[in-house]
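# Per-entry structural report
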Amino acid sequence: MSHSVELQNVGMAFGQTRAVMDVSFTVEGGEFFSILGPSGCGKTTILRIVAGFLEPTDGRVLIGGRDMKGLGPDQRPTAMIFQSLALFPLMPVWENIAFGLEARGVAKAERRKKANDLLKLVALEGFGERMPGELSGGQRQRVAIARALAVEPQVLLLDEPLSALDLKLRQHMRAELRALQKRTGVTFIYITHDQSEALAMSDRVAVMSEGVLQQVGAPRELYDNPATPFVARFVGETNAITGRVAAIENGIATVESAFGPLSGRAGDGLSAGAAARLYVRPEALQHKARGENRLMATIERVDFEGAFALAHGTLEDGSRLIASIASTELGEAPEIGARASFAFQNVNAVVLPDG
Amino acid sequence: MGELYKRFGGGLGTVFLALVAAWLAGMVLAPNVMMIDYALRPNLPPADIGGPRDVYSLSNVLYLANEGVHRAIFFKTVWASALVAFVTLMVCYPLAYWLAQNATPNQTAIAILALTIPFWINEVLRTLAWYILLAFRGPLNAALLALGVIDEPVRWYGDGGVLAGMTYAYILFMLFPIYNAIESLEKSQIEAARDLGASVWRTHWRVVIPHAKAGIATGCVFTFMLAAGSYVAPALLGAPGSRWFTEIIYNWFFEGGDWNRGAAYALVLLVLCLTVVLVTLKIARVNLTDVAK
């Protein structure tokens, strides 16, 4: 079992700027853990704190139960994969991979052997003598992974390493990373601003915004039960409808909105009469369906995305509505300019305090 | 060249080309051809120039080969120049690294300004400042005596003085190429090396120095050439035991009145410098075009 990583009330300030505020979470050993957030939310700062490049101004970091205070990146059982990959361009691939072993004084023959083993692991056999510049983006990615794994880290830290790849390759590398993580059992902490990447790959995801940890949970949990309005908006597409809480009953909150009463599952911190928002996913909205929670929208455009189409509309008060329509149902799709009615079931919507 | 014509048209393009050609011919080619011409001809009284004794030969060059003292000074100049380049590199590399990778923009600006200001003053005056600093009864000896580091004044003039003066004079020629090279090194490369457990030495040896190789080679080549061709520093800060080859050349021209032998000596120095430069670049596997950048 590889090491767990525990952050206890970690805070980081750069001069007057507070980049990270009071963040605590525990990454279990062998877990694929993602930190998700828009750029500038402090996720890279957290990764650099775990790696040892930054000393947090508050709190502590424990890796495998051991306090990492005062230990540099070279002394921690972590290895980092940089956003730019940071391969050494003037060394052949095998020397890149064996660099960490070279630094540990491993003999050349053994380094060579280990490098070849790792090349096999990442399916790049026979590429040892190439220079990094001669490889494709995906191959460079794998070399970076092999180089990080060469030092047998307990925890692998990945700083958006897929962001430079095109979509197809990115999806392929996601699956590969995931498989590699399961095979090696190394704890992965993965930084990304791409929510679909985080949802697809991770065992658990931490969502951050403006230096504050919003929610930690399994992908489904974040998607279905967002704890904060930020998570509701950031993870996946959603429609937000403002109103006031009329009643809360059996975990279902009814919101009095401009479009009449609408109900959804009640989140934490709701009280009757308080301002609240109801969040409903595009795929929870059903065109022409009957039922209580109904919304009327004027359709502006329908974007065909392949497996589904997104109908963009305007509600009576001018706010926007997005509904997803499966491609198989496109024959029934509303026409542009027409008024269409959508309904959703209250279990598929969430009501959170306004904030 | 086609680009030049396309951009400026036939007339202006031709003017530019002609100006460059005139510059190269008049300022570079002609003096060197004249130097070679002088070097290969004997030193004759005006009446005999163009006469039967005015023939090309290698006798001026051979004179240097057979003259023990001049030969020794020649080789000493070569290795002392290499030493100047090496010492300057040792001084500049850490500074360049700090400026390029660690300093804040403000620190960089102040440091570069501080390094550049002395160069607003003429080289002779800067060397004269060292002449005063290093004087037998000068400030350096006074300070060291006061601190109790030395018991009696040291005679700095000589090899040590020349080395100090030249290192100081050529610092920017070494600093800027290395600074430019290291600045283009991505910070994450250094972090990656550190993250993988490399010591500071290994990070420099395997990552920073290979990346900065062209800059280092450029700086060394500049410094070596400037040192080998230097006149002021050895003349002011040297001692009779630390004569520089340029001083011998000077003497042939202005004391000995033998321009031909002076030209031959200068030619030998030029050829040697070029050889050293090309060999250095070959060893460092750097192209001449990289240096020109």
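Sequence order as written defines the numbering, with residues in each chain counted from 1. The order in which chains are written sets their letters, starting at A; the order in which ligands are written sets their numbers, starting at 1. Where local features are concerned, this predicted model is filtered to residues with pLDDT of at least 70; where side-chain atom pairs are given and counted, the filter is 80 or more; whole-chain, interface and lining totals use all residues.

## Comments concerning the overall build of chain A
In this text, helices come from DSSP runs of H or I with a minimum length of four residues, and strands from runs of E with a minimum of two, each type numbered from the N-terminal end. Secondary structure assignment for chain A yields nine helices and 20 strands. Here a residue counts as buried when 20 or more other C-beta atoms sit within 10 Å of its C-beta, as exposed when there are 12 or fewer, and as partly exposed otherwise, the C-beta atoms being derived from the backbone. Buried positions account for 43% of the 355 residues belonging to chain A.

## Description of the overall build of chain B
From N to C terminus, chain B includes 14 helices and zero strands. Listing every helix and strand of chain B by position from the N terminus yields α-α-α-α-α-α-α-α-α-α-α-α-α-α. Taken along the three principal axes of its C-alpha coordinates, chain B extends 75 × 70 × 35 Å. Per-residue burial over chain B gives 30% buried out of 293 residues.

## Section: the environment of Asn-348 of chain A
Residue and element names in this part refer to chain A. By the secondary structure assignment, Asn-348 is in the loop between β19 (339–344) and β20 (349–353). Taking the number of C-beta atoms within 10 Å as the measure of exposure, Asn-348 has 16 and is therefore partly exposed. Considered as a pair, Asn-348 and Ile-189 are 159 residues apart in the sequence and their alpha carbons are 30 Å apart. Throughout, a residue-residue contact means that the two C-beta atoms, derived from backbone geometry, are no farther apart than 7 Å. With residues near it in sequence (within four places) discarded, Asn-348 still touches Val-280, Arg-281 and Ala-284.

## Remarks on the nonpolar core
Counting residues in each nonpolar core, the largest one holds 157 residues, and the members touching the most others are Ile-81, Ile-97, Leu-157 and Ile-189 of chain A together with Ala-96 and Ile-178 of chain B. Residue contributions to this core peak at 12 residues, all from helix α10 (residues 200–228) of chain B. Mapping this core onto the domain boundaries places at least three of its residues in each of domain 1 (5–229) and domain 2 (237–353) of chain A. Non-local contacts of Ile-81 of chain A, meaning those with residues more than four positions away in its chain, are made with Ala-144, Ile-145, Ala-148, Leu-156, Leu-157, Leu-158, Asp-159 and Pro-161 of chain A. When buried Ala, Val, Leu, Ile, Met, Phe, Trp, Tyr and Cys residues are joined through C-beta atoms within 7 Å, the set is termed a nonpolar core. Domain start and stop positions are those given by an automatic or database domain assignment.

## Considerations on the interface of chain B and chain A
Every contact between the two is made by 15 residues of chain B and, on the other side, 16 residues of chain A. Those elements that provide at least two residues to the side of chain B that touches chain A are α9 (187–195) and α10 of chain B. Broken down by element, the residue count for the side of chain B that touches chain A peaks at six residues, all from α9 of chain B. Across the side of chain B that touches chain A, the residue classes tally to five nonpolar, five polar and five charged. Residue polarity follows a fixed list, in which Ala, Val, Leu, Ile, Met, Phe, Trp, Tyr, Cys and Pro are nonpolar, Asp, Glu, Lys and Arg are charged, and the others, Gly among them, are polar.

## So, helix α5 (residues 137–150) of chain A
Residues and elements named next belong to chain A. Expected helix span is computed as 1.5 Å times (number of residues minus one). With 14 residues, α5 extends 20 Å from end C-alpha to end C-alpha; this agrees with the ideal 20 Å at 1.5 Å per step. Within α5, 11 of the 14 residues are buried, leaving the element largely enclosed by the surrounding structure. Listed as buried for α5 are Arg-140, Gln-141, Arg-142, Val-143, Ala-144, Ile-145, Ala-146, Arg-147, Ala-148, Leu-149 and Ala-150. Buried residues in α5 make contact with β6 (78–81), α2 (93–97), α3 (99–103), α4 (108–121), β7 (155–159) and α6 (167–184). Downstream of α5 by a residue or two, Glu-152 has a phi angle that is positive, lying close to 45°.

## Re the environment of Arg-261 of chain B
Residue and element names in this part refer to chain B. Note that Arg-261 resides in helix α13 (residues 259–283). Accessibility expressed as a C-beta count within 10 Å gives 26 for Arg-261, which makes it buried. Along the backbone, Arg-261 and Tyr-231 are 30 residues apart, and their C-alpha atoms lie at a distance of 18 Å. Those residues within four positions of Arg-261 in sequence are excluded, and the remaining contacts are Asn-43, Asn-60, Tyr-63 and Trp-252.

## Brief notes about the packing of helix α8 (residues 171–183) of chain B against α10 of chain B
All names here are of chain B. Every axis in this analysis is a line fitted to C-alpha atoms, fitted for helices over the stretch in contact. Angles between the N-to-C directions lie between 0 and 180 degrees. Orientation of α8 relative to α10, taken along the N-to-C sense of each, is 165°, at an axis distance of 8 Å. Classed by the angle they form, the pair α8 and α10 counts as roughly antiparallel. The hand of the α8/α10 crossing is right-handed. Between α8 and α10, the contacting residues are Phe-173, Met-174, Pro-177, Ile-178, Asn-180, Ala-181 and Ile-182 on the first element and Val-208, His-211, Ala-212, Ala-214, Gly-215, Ile-216, Thr-218, Gly-219, Phe-222, Thr-223 and Leu-226 on the second. In terms of residue class, the contact of α8 with α10 is made up of 12 nonpolar, six polar and no charged. The labels follow the angle: roughly parallel below 35 degrees, roughly antiparallel above 145, roughly perpendicular from 65 to 115, and oblique for the rest. What makes a crossing left-handed is the near helix being turned counterclockwise from the far one by less than a right angle; a clockwise turn instead makes it right-handed.

## Let's talk about the sheet that holds strand β13 (residues 260–266) of chain A
All names here are of chain A. With mixed pairing, five strands are arranged side by side around a closed barrel as β11-β12-β13-β20-β14. When strand polarity is set aside, the average angle formed by the axes of neighbouring strands in this sheet is 55°. Strand pairing follows a simple DSSP-based rule, namely that at least 2 bridges must link the two strands. As defined by bridge partners, β13 adjoins β20 across two bridges and the pair is classed as parallel. In the strand pairing of β20, Ala-266 is matched with Val-351.

## Some points on the sheet that holds strand β5 (residues 66–67) of chain A
Residue and element names in this part refer to chain A. Across the sheet, which stays open at both edges, the four strands sit in the order β2-β1-β4-β5 with antiparallel pairing between neighbours. Edge positions in the open sheet fall to β2 (17–27) and β5, since each of these has one partner strand only. When strand β1 (residues 5–14) meets β2, the two strands line up antiparallel, connected through seven bridges. If you follow Val-5 over to β2, its bridge partner there is Val-27.

## Structural notes on the confidence of the model for chain A
Summary of the metric used: pLDDT quantifies the predictor's per-residue confidence within the range 0 to 100. In the predicted model, chain A carries a mean pLDDT of 91, and 99% of its residues have values of at least 70. Mean pLDDT values for the elements of chain A range from 86 in strand β15 (residues 286–287) of chain A up to 96 in strand β3 (residues 32–36) of chain A.

## So, the confidence of the model for chain B
Residues and elements named next belong to chain B. Mean pLDDT over chain B: 89, with 98% of residues reaching 70 or higher. α9 holds the highest mean pLDDT among the elements of chain B, 94, whereas helix α14 (residues 288–292) holds the lowest, 66. Two numbers describe this predicted complex: its pTM, 0.81, and its ipTM, 0.82.

## Re unusual backbone geometry
Residues and elements named next belong to chain A. Here the phi dihedral of Glu-210 falls at roughly 50°; this positive angle occurs in a residue that is not glycine. The phi torsion at Asn-250 lies on the positive side, around 50°, for a residue other than glycine. Mapping Asn-250 onto the fold places it in the loop between β11 (239–249) and β12 (252–257). Owing to 5 C-beta atoms within 10 Å, Asn-250 belongs among the exposed residues under this scheme.

## Considering α9 of chain B
All buried positions along α9 of chain B are accounted for by Ile-190, Ala-192, Ala-193, Arg-194 and Asp-195 of chain B. Tucked into the core, α9 of chain B has its buried residues touching α1 (43–51) and β6 of chain A together with α3 (68–102) and α10 of chain B. Looking one or two residues past α9 of chain B, Gly-197 of chain B carries a phi angle of roughly 95°, positive in sign.

## Some points on the domain arrangement of chain A
All names here are of chain A. Domain boundaries in chain A define domain 1 (5–229) and domain 2 (237–353). Inter-centroid distance (C-alpha atoms) of domain 1 to domain 2 is 38 Å. Facing the five residues of domain 1 at the interface are six residues of domain 2. The class makeup of the residues in the side of domain 1 that touches domain 2 is three nonpolar, two polar and no charged.

## A closer look at the pairing of β19 of chain A
Residue and element names in this part refer to chain A. Bridge count for β15 against β19 is two bridges, and the pairing is antiparallel. Each residue of the ladder has a partner; that of Gln-286, found in β19, is Ala-343. Examined bridge by bridge, strand β16 (residues 293–304) and β19 share six bridges and lie antiparallel to one another. Across the sheet, the residue bridging to Arg-294 is Ala-343, located in β19.

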